Number of protein chains: 2
Amino acid sequence: MKVVCIGAGRLAQHLMPELQRAGCDIIQVYNRTDYSAQLLSQKLNDASVLSDINQIAKDADIYFITLSDDAIYSVSILLQLQDINGIVVHCSGAAEYDILPFPKKGVFYPLQTFSGVHKVDWTTIPIIITSDSEEVVSKLETLARKISSTVVEMTDTQKSALHLAAVFANNFTNHILSLAGNICARHNVPFEILKPLIQTTIDNALEHGPSESQTGPAIRGDDRTIEKHVQMLDTHPEILEVYKVITKSIEKG
Amino acid sequence: MKVVCIGAGRLAQHLMPELQRAGCDIIQVYNRTDYSAQLLSQKLNDASVLSDINQIAKDADIYFITLSDDAIYSVSILLQLQDINGIVVHCSGAAEYDILPFPKKGVFYPLQTFSGVHKVDWTTIPIIITSDSEEVVSKLETLARKISSTVVEMTDTQKSALHLAAVFANNFTNHILSLAGNICARHNVPFEILKPLIQTTIDNALEHGPSESQTGPAIRGDDRTIEKHVQMLDTHPEILEVYKVITKSIEKG
């Protein structure tokens with residue numbers, strides 16, 4: 001299966017080598033700037049690097065757009081002018097399926113956060129497939145199953161909901177931990193001391209479900225402790241606002 | 001070291017057997033209702049069970065009040081009428097050190113969430129020690145070091161701050177995961193699909209620090225995605241309020 005990769009950012013750096021291991025032939029890496037594409041190409045049996053979209057291969061089976069949400073649409077417009085016939089997919093959780101202006105199109109969304117350094121274990125990463133075309137779904141699922149053990153077809157609405165849930169599960173959870181670290185720092189308490197509690201919190205939530213694992217002053221209606229916390233945060237109105245809103249949300253259940 | 005345990009709830013069920021293994025002699029378990037005290041006593045070489053506080057041993061070295069915050073004070077008043085001479089400690093993160101009306105007093109606060117079923121690994125649980133008396137601090141630290149590898153002395157203010165941070169790290173993080181599950185459920189998306197992302201989120205936050213690990217639409221100023229999310233939550237104002245406040249808090253950094 002011939003693959004063209006559009007973009008050479010974090011996701012491409014992780015995904016393309018994995019697709020190559022799974023037997024794909026990554027024939028080109030397109031990127032407006034050269035450096036990261038060269039870097040990626042070196043991992044890919046020296047796939048050719050191009051920054052002129054007119055030179056894009058016309059005979060690839062799948063074109064993977066691995067760019068940021070804003071860039072997906074603008075590159076699609078350029079790509080549309082080329083005489084290509086393969087499937088075009090983007091890999092974004094937030095961007096809609098319909099923004100792709102191609103007859104054969106789909107979404108191939110790996111639900112994970114990719115950092116530059118860590119090697120990721122693709123078998124554990126859920127891959128979400130979305131397309132109106134059964135043929136495209138079938139081809140993308142077959143490909144996804146070569147690298148992941150969790151491949152799920154979803155409607156575009158479901159994928160958007162999942163992405164929103166992921167913002168809570170990843171970005172918001174992380175920010176709440178930042179605020180906990182912030183409170184510790186103000187009082188010269190090492191954040192490290194919270195680590196075993198955090199790990200147990202997550203273990204419980206993943207094992208029993210978060211709704212069943214809720215504890216703390218808000219769920220048991222301990223107004224005295226809540227009042228004390230509100231007073232402690234009196235001089236930090238930004239953190240206090242988060243405290244109040246989440247406490248209210250827990251109380252409502 | 002002779003220990004009397006006041007209360008027979010979750011914390012007592014976990015802590016007392018561990019103190020016994022560490023060489024303490026748990027001589028009595030006091031509880032207003034009998035059942036859970038009997039249960040605990042069976043784990044403790046049949047420590048005697050009492051529900052009449054007048055029968056409490058006068059010669060114990062340490063009295064552990066393992067009750068809920070509200071009950072600590074009311075039991076302290078009763079205990080104060082007894083002619084006891086040992087150290088009295090409570091184990092609460094939220095309750096202040098000063099609520100104990102005893103000459104030799106302290107706080108022995110294990111920073112962990114205790115469920116009924118799971119066996120906990122005490123060596124990993126940080127134990128916070130607070131007391132105005134150096135002698136009490138020294139005795140409590142020596143005892144705590146027998147069961148945990150992380151024993152930290154803190155002022156009462158630091159302990160309160162740590163407890164507040166723990167409410168964020170445990171209760172609030174868990175609730176955010178509940179909301180993620182709630183969004184999934186409304187769209188027939190299995191919550192399980194988020195598990196690898198959640199585990200990576202926590203791994204990154206614990207390894208690199210949460211401030212360094214922040215990603216997502218709010219931190220990169222992706223207003224289009226935020227606007228889309230706000231629209232999706234239009235019919236769920238409670239979740240929308242949480243979304244808006246945390247997004248604003250991330251943007252402020």
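What counts, and at which threshold
Residues numbered from 1 in each chain as written. Chains lettered and ligands numbered in written order. Predicted model: local features only at pLDDT ≥ 70, side-chain atom pairs only at ≥ 80, totals over all residues. Heavy atoms only, no water. Helix = DSSP H or I, 4+ residues; strand = E, 2+ residues; numbered from the N terminus. Buried < 20%, exposed > 50% of the residue type's maximum accessible area, 1.4 Å probe, protein only. Areas by Shrake-Rupley, 256 points an atom, 1.4 Å probe, with all protein chains shown as cover. Lys, Arg positive; Asp, Glu negative; His and termini not counted. Charge placed at Lys NZ, Arg CZ, Asp CG, Glu CD. Pairing = 2+ DSSP bridges. Axes fitted to C-alpha atoms, helices over the stretch in contact; angles between N-to-C directions. Contact = heavy atoms within 4.5 Å. Core = buried A, V, L, I, M, F, W, Y, C linked by side-chain atoms within 4.5 Å. Right-handed = clockwise from strand over helix to strand, strands pointing away. Buried area = accessible area lost by both parts, 1.4 Å probe. Salt bridge = Lys/Arg side-chain N within 4 Å of Asp/Glu carboxyl O. Polar contact = N/O pair within 3.5 Å; in protein donor to acceptor, adjacent residues only side chain to side chain. Least-squares fit on C-alpha atoms with pLDDT ≥ 70 in both. Disulfide = S-S within 2.5 Å. Parallel < 35°, antiparallel > 145°, perpendicular 65-115°, else oblique. Left-handed = near helix turned anticlockwise from the far one by under 90°. Nonpolar A, V, L, I, M, F, W, Y, C, P; charged D, E, K, R; others polar.

Visitor: Help me out: how do you make sense of the overall build of chain A in this one?
Guide: If you tally the helices and strands in chain A, you get 9 helices and 8 strands. The principal-axis extents of the C-alpha atoms in chain A amount to approximately 70 × 35 × 30 Å. A total of 253 residues make up chain A; the buried ones form 59% of that total. Of the roughly 10800 Å² that chain A leaves accessible, carbon and sulfur atoms contribute 48%. Within chain A, one finds 21 positive and 30 negative side-chain charges whose respective centroids are separated by 3 Å.

Visitor: For this particular structure, what's the right way to read the sheet that holds strand 4 (residues 62-65) of chain A?
Guide: The strands that make up a sheet are held in pairs by hydrogen bonds between backbone atoms, and each pair lies either parallel or antiparallel. Residues and elements named next belong to chain A. Judged by pairing direction, the sheet is mixed, and its 8 strands sit side by side in the order 3-2-1-4-5-6-7-8 without closing on themselves. At either end of the open sheet lies a strand with only one pairing partner, and these are strand 3 (48-50) and strand 8 (151-153). Ignoring strand direction, the axes of neighbouring strands in this sheet form an average angle of 25°. Across 3 bridges, the pairing between strand 5 (residues 87-90) and strand 6 (residues 105-110) is parallel.

Visitor: Please explain the side chain of Asn171(A) as it appears in this structure.
Guide: Structurally, the position occupied by Asn171(A) is in helix 5 (residues 156-186). Accessibility expressed as a relative area gives 6% for Asn171(A), which makes it buried. Here Asn171(A) is in contact with Ala166(A), Gln214(B), Thr215(B), Gly216(B), Pro217(B) and Ile250(B), once residues within four sequence places are set aside.

Visitor: Before we go on, may I ask you to explain the nonpolar core in this structure?
Guide: What tends to happen in soluble globular proteins is that the nonpolar side chains get buried as a cluster. Leu162(A), Phe168(A), Leu194(A), Leu162(B), Phe168(B) and Leu194(B) are the most contacted members of the largest nonpolar core, which has 82 residues in total. Beyond its immediate stretch of four places on either side in the chain, Leu194(B) contacts Leu111(A), Leu162(A), Ala165(A), Ala166(A), Ala169(A), Ala180(B) and Cys184(B).

Visitor: Help me understand the pairing of strand 2 (residues 25-30) of chain A in this model?
Guide: Each regular strand displays side chains that alternate between the two surfaces of the sheet. Residue and element names in this part refer to chain A. Within strand 2, 5 of the 6 residues are buried, which leaves it mostly tucked inside the rest of the structure. Across 5 bridges, the pairing between strand 1 (residues 2-6) and strand 2 is parallel. For Cys5, the partnering residue across the bridge sits in strand 2 and is Val29. Remark: the strand 1/helix 1 (residues 10-21)/strand 2 crossover connection has right-handed handedness. Crossover handedness for the path strand 2 to helix 2 (residues 34-42) to strand 3: right-handed.

Visitor: Teacher, can you tell me more about the environment of Leu162(B) here?
Guide: All names here are of chain B. Mapped onto the elements of the fold, Leu162 is located in helix 5 (residues 156-186). Taking the relative accessible area as the measure of exposure, Leu162 reaches 0% and is therefore buried. Along the backbone, Leu162 and Pro210 are 48 residues apart, and their C-alpha atoms lie at a distance of 17 Å.

Visitor: I'm lost on the interface of chain A and chain B in this one. Help?
Guide: Frequently, the measure chosen for interface size is the accessible area that the parts lose on association. Chain A puts 83 residues into the contact, and the matching count from chain B is 83 residues. Between chain A and chain B, the buried area comes to about 7900 Å², and carbon and sulfur atoms account for 68% of it. It is Phe168(A), Ile193(A) and Leu206(A) in chain A that bury the most area against chain B; as a group they hold 9% of the surface buried on that side. At the junction of chain A with chain B, the criterion picks out 6 salt bridges. The salt bridge involving Lys228(B) is made with Glu96(A); its shortest N-O contact spans 3.5 Å. Across the chain A-chain B interface, the total number found is 32 residue pairs in polar contact (both at pLDDT 80 or more). Residue contributions to the side of chain A that touches chain B peak at 25 residues, all from helix 5 of chain A.

Visitor: I tried to follow the relation of the copies chain A and chain B on my own but got confused; where do I start?
Guide: With an axial shift of 0.0 Å and an RMSD of 0.0 Å, the rotation relating chain A to chain B amounts to 180°. The transformation just described matches what one would write down for a two-fold rotation axis. Closest to the rotation axis within chain A is the C-alpha of Thr173(A), separated from it by 2.7 Å.

Visitor: Can you walk me through the state of the cysteines in this structure?
Guide: The term disulfide refers to a covalent linkage connecting the sulfur atoms of a pair of cysteines. Evaluation of the coordinates by the stated rule reveals 0 disulfides over all chains. With no disulfide of its own, Cys5(B) lies 8.1 Å from the sulfur of Cys91(B), the closest cysteine sulfur.

Visitor: Please clarify how unusual backbone geometry should be interpreted in this entry.
Guide: Backbone phi values are negative for most residues with the exception of glycine, while trans is the configuration of most peptide bonds. All names here are of chain A. A positive phi angle, close to 55°, is found at Asn188, a residue other than glycine. Take Asn188: it is sitting in the loop between helix 5 and helix 6 (195-208). By relative accessible area, which is 66% here, Asn188 ends up exposed.

Visitor: I'm lost on the packing of helix 1 (residues 10-21) of chain B against helix 2 (residues 35-42) of chain B in this one. Help?
Guide: For any two helices packed against each other, one specifies the crossing angle of their axes together with the interaxial distance. Residues and elements named next belong to chain B. Where helix 1 meets helix 2, the closest approach of the two axes is 10 Å, and the angle between their N-to-C directions is 25°. Between helix 1 and helix 2, the interaxial angle falls into the category roughly parallel. At the point where helix 1 passes helix 2, the crossing takes the right-handed sense. From helix 1, Ala12, Gln13, Met16 and Pro17 reach across to helix 2, where they touch Ser36, Leu39 and Leu40. Looking at the contact of helix 1 with helix 2, its residues break down into 5 nonpolar, 2 polar and no charged.

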